[in-house]
Amino acid sequence: YADYLESIGKDGAMIVGDPETVTKKIINLVENLGLDRFMLHLPVGSMPHDDIMKAIKLYGQEVAPKVRAYFETKEND
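Cut-off values and rules
- Residues numbered from 1 in each chain as written.
- Predicted model: local features only at pLDDT ≥ 70, side-chain atom pairs only at ≥ 80, totals over all residues.
- Heavy atoms only, no water.
- Core = buried A, V, L, I, M, F, W, Y, C linked by side-chain atoms within 4.5 Å.
- Buried < 20%, exposed > 50% of the residue type's maximum accessible area, 1.4 Å probe, protein only.
- Helix = DSSP H or I, 4+ residues; strand = E, 2+ residues; numbered from the N terminus.
- Contact = heavy atoms within 4.5 Å.
- Expected span 1.5 Å × (residues − 1).
- Polar contact = N/O pair within 3.5 Å; in protein donor to acceptor, adjacent residues only side chain to side chain.
- Phe/Tyr/Trp six-rings, centres within 6.5 Å; stacked < 30°, edge-to-face > 60°.
- 1 Å grid on protein atoms, 1.4 Å probe; cavity = no way out; pocket = protein on both sides within 12 Å on 5 of 7 lines; lining within 4 Å.
- Points joined across faces, edges and corners; volume = space filled by probe spheres on them.
- Nonpolar A, V, L, I, M, F, W, Y, C, P; charged D, E, K, R; others polar.

> Would you explain the nonpolar core in this entry?
Most often, soluble globular proteins keep nonpolar side chains buried together rather than apart. By size, the foremost hydrophobic cluster in this structure holds 7 residues: Val-22, Ile-26, Ile-27, Val-30, Val-63, Val-67 and Phe-71. Counting residues per element, the ones that place at least two in this core are helix H2 (19–33) and helix H3 (49–76). At 4 residues, the largest contribution of residues to this core is made by H2. Excluding its chain neighbours within four sequence positions, the residues that come into contact with Val-22 are Ile-15, Val-16, Gly-17 and Val-63.

Encoded structure:
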């Protein structure tokens, strides 16, 4: 359990949480690693279908627009 908590923590490899947490972690990851792309992977085999659909909706409607807006604003500064 301690390893899991570490992996979902601020510097962990897994991105888990509410839309604000996920947004911040993606922005941090992209900036720290100098990425120009980000690919989302959902564990479709281990989550109920409704939860997967909710995660996709939250990502598309809340997370992705905030991440895009952050980097668009940063480019214009």
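> Before we go on, may I ask you to explain the environment of Ser-46 in this structure?
Assignment of secondary structure puts Ser-46 in the loop between H2 and H3. In the structure, Ser-46 is positioned 22 residues away from Lys-24 in sequence and 25 Å away in space, judged by C-alpha atoms.

> Looking at this model, I keep getting lost on H2. Mind explaining?
One turn of an α-helix holds 3.6 residues; hence residues three or four places apart share an orientation. For H2, built from 15 residues, the straight-helix expectation of 21 Å at 1.5 Å per residue is met to within 8% by its first-to-last C-alpha distance of 21 Å. Looking only at H2, the buried set comprises Pro-19, Val-22, Thr-23, Lys-25, Ile-26, Ile-27 and Val-30. Its buried side turned inward, H2 meets helix H1 (2–8) and H3. The opening residue of H2 is Asp-18, an N-cap whose side-chain oxygen sits 3.0 Å from the backbone nitrogen of Glu-20. Downstream of H2 by one or two residues, Gly-34 has phi in the positive range, about 65°.

> It is not clear to me how the packing of aromatic side chains should be interpreted in this structure. Could you clarify?
Aromatic ring pairs are described here by two measures, namely the spacing of the ring centres and the angle between the planes. For the structure on display, the rule yields 2 aromatic pairs. Look at Tyr-1 and Tyr-4: their rings are 6.3 Å apart centre to centre, the planes differ by 35°, and that puts the pair in the tilted class. Residue classification places Tyr-4 among the partly exposed residues on the basis of a relative accessible area of 37%. A centroid spacing of 4.9 Å and a plane angle of 90° characterise the contact between Tyr-70 and Phe-71, whose relative ring orientation is edge-to-face.

> Mind showing me how you'd approach the layout of surface pockets here?
Gaps left between atoms show up when a probe the size of a water molecule is rolled over them. Roughly 590 Å³ of internal volume is contained in the largest pocket. Around the largest pocket, the lining is made up of 23 residues, and of these Ile-15, Val-16, Val-22, Leu-42 and Ala-55 lie nearest the centre. The set of elements that each furnish at least two residues to the lining of the largest pocket consists of H2 and H3. Here the lining of the largest pocket gets 6 residues from one element, more than from any other, and that element is H3. Across the lining of the largest pocket, the residue classes break down as 17 nonpolar, 3 polar and 3 charged. Val-30, Leu-35, Asp-36, Arg-37, Phe-38, Val-67, Arg-68, Phe-71 and Glu-72 together form the lining of the second largest pocket. Among the elements that line the lining of the second largest pocket, the one with the most residues is H3, at 4 residues. Of the residues in the lining of the second largest pocket, the class split is 5 nonpolar, no polar and 4 charged.

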